[in-house]
Amino acid sequence: MDLPLRLRYAEPVMTMPFDALNDVSDEALLVAFGNGDRAAARALTLRLTPRVVGYAARLLKDREEAEDVAQDAMLRLWKIAPEWRQGEAQVTTWLYRVVTNLCTDRLRKRRGKGLDEIAEPEDGRPSQDAVLMQRQRVDALQMALDSLPERQREAVVLRHIEGLGNPEIAEVLEISVEAVESLTARGKRALAAALASQREILGFENDGS
């Protein structure tokens, strides 16, 4: 069975209109790909890749590395598709766990490196002042996240940026729900403390954020 790498593979012969796949669950798409439906793989790739790239980028502070991690994680997902057991886990839970482990491995290999540049915000196009303020906020948040212990950072990003619930985070990080609650609570307090002195400079006092 051919495996999709990034999005560069030939257009599949679709058994149903591609747009119709938008309403199909992640698990159903994965099972369909495991049964040979490449249209399902393309739909799942388009749906999940931006999320895992964003998550990896938060952990690694490097967009290019994050894209490599996402490609690796998606490739692993395609490989296990034929053996996927329905109902045992959410596809996103499995995928976030793989991404977390891949990022952890990369971080351990490059301890001590300096802070990488964060990508510029995508064009909107807001005013230059707004762009600068948003960039400062992104930089401040990323630096505050970087200051957290690794496990706290993972939990905070999954909960407050990726929007996962505590039970799913517990599965991703392979810890108890109570441990997740503790990590996120401590992480939020640490972030608040790290950003407290910068609230007025970053415009939070003025816009009610």
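Everything numeric here is computed off the predicted structure, so don't read it as measured data.

Engineer: How should I be thinking about the pattern of salt bridges in this particular structure?
Structural biologist: Close approach of charged atoms lets side chains of opposite charge pair. Enumeration over the complete set of coordinates arrives at six salt bridges. For Arg47, the salt bridge is made with Asp26, and the minimal N-O distance between the two is 2.6 Å. Placement of the pair is Arg47 in helix H2 (residues 38-60) and Asp26 in helix H1 (residues 26-34), with a sequence separation of 21 residues. Since its relative accessible area comes to 16%, Asp26 is described here as buried. For Asp72, the salt bridge identified is with Arg76, shortest N-O distance 3.1 Å. Of the two residues, Asp72 and Arg76 are both situated in helix H3 (residues 63-80); the distance of four residues between them amounts to about one turn of the helix. Take Asp72: its relative accessible area is 29%, and that puts it in the partly exposed class.

Engineer: How do you make sense of the packing of helix H6 (residues 150-161) against helix H7 (residues 166-173) when you look at a structure like this?
Structural biologist: Between two packed helices, both the angle of their axes relative to each other and the distance between the axes serve to describe the pair. Interaxial distance between H6 and H7 falls to 10 Å at its minimum, and their mutual angle equals 140°. As summarised for this structure, H6 and H7 are arranged oblique, according to the angle between their axes. Of the two possible hands of crossing, H6 and H7 adopt the one that is right-handed. For the pair formed by H6 and H7, the contact residues are Arg151, Glu154, Ala155, Leu158 and Arg159 on the first element and Asn166, Ile169, Val172 and Leu173 on the second. Taken together, the residues that form the contact of H6 with H7 break down as five nonpolar, one polar and three charged.

Engineer: Would you mind showing me how to read the packing of H1 against H2 here?
Structural biologist: Running from amino to carboxyl end, H1 crosses H2 at an angle of 140°, the nearest separation of the two axes being 7 Å. Considered as vectors, H1 and H2 are oriented oblique to each other. The element H1 and its partner H2 pack so that their crossing is left-handed. When H1 is examined against H2, the residues Asp26, Leu29, Leu30, Ala32 and Phe33 are found in contact with a partner set consisting of Arg38, Ala40, Ala41, Ala43, Leu44, Arg47 and Leu48. Class assignment of the residues belonging to the contact of H1 with H2 gives a composition of nine nonpolar, no polar and three charged.

Parameters at a glance
Residues numbered from 1 in each chain as written. Predicted model: local features only at pLDDT ≥ 70, side-chain atom pairs only at ≥ 80, totals over all residues. Heavy atoms only, no water. Salt bridge = Lys/Arg side-chain N within 4 Å of Asp/Glu carboxyl O. Helix = DSSP H or I, 4+ residues; strand = E, 2+ residues; numbered from the N terminus. Buried < 20%, exposed > 50% of the residue type's maximum accessible area, 1.4 Å probe, protein only. Axes fitted to C-alpha atoms, helices over the stretch in contact; angles between N-to-C directions. Parallel < 35°, antiparallel > 145°, perpendicular 65-115°, else oblique. Left-handed = near helix turned anticlockwise from the far one by under 90°. Contact = heavy atoms within 4.5 Å. Nonpolar A, V, L, I, M, F, W, Y, C, P; charged D, E, K, R; others polar.

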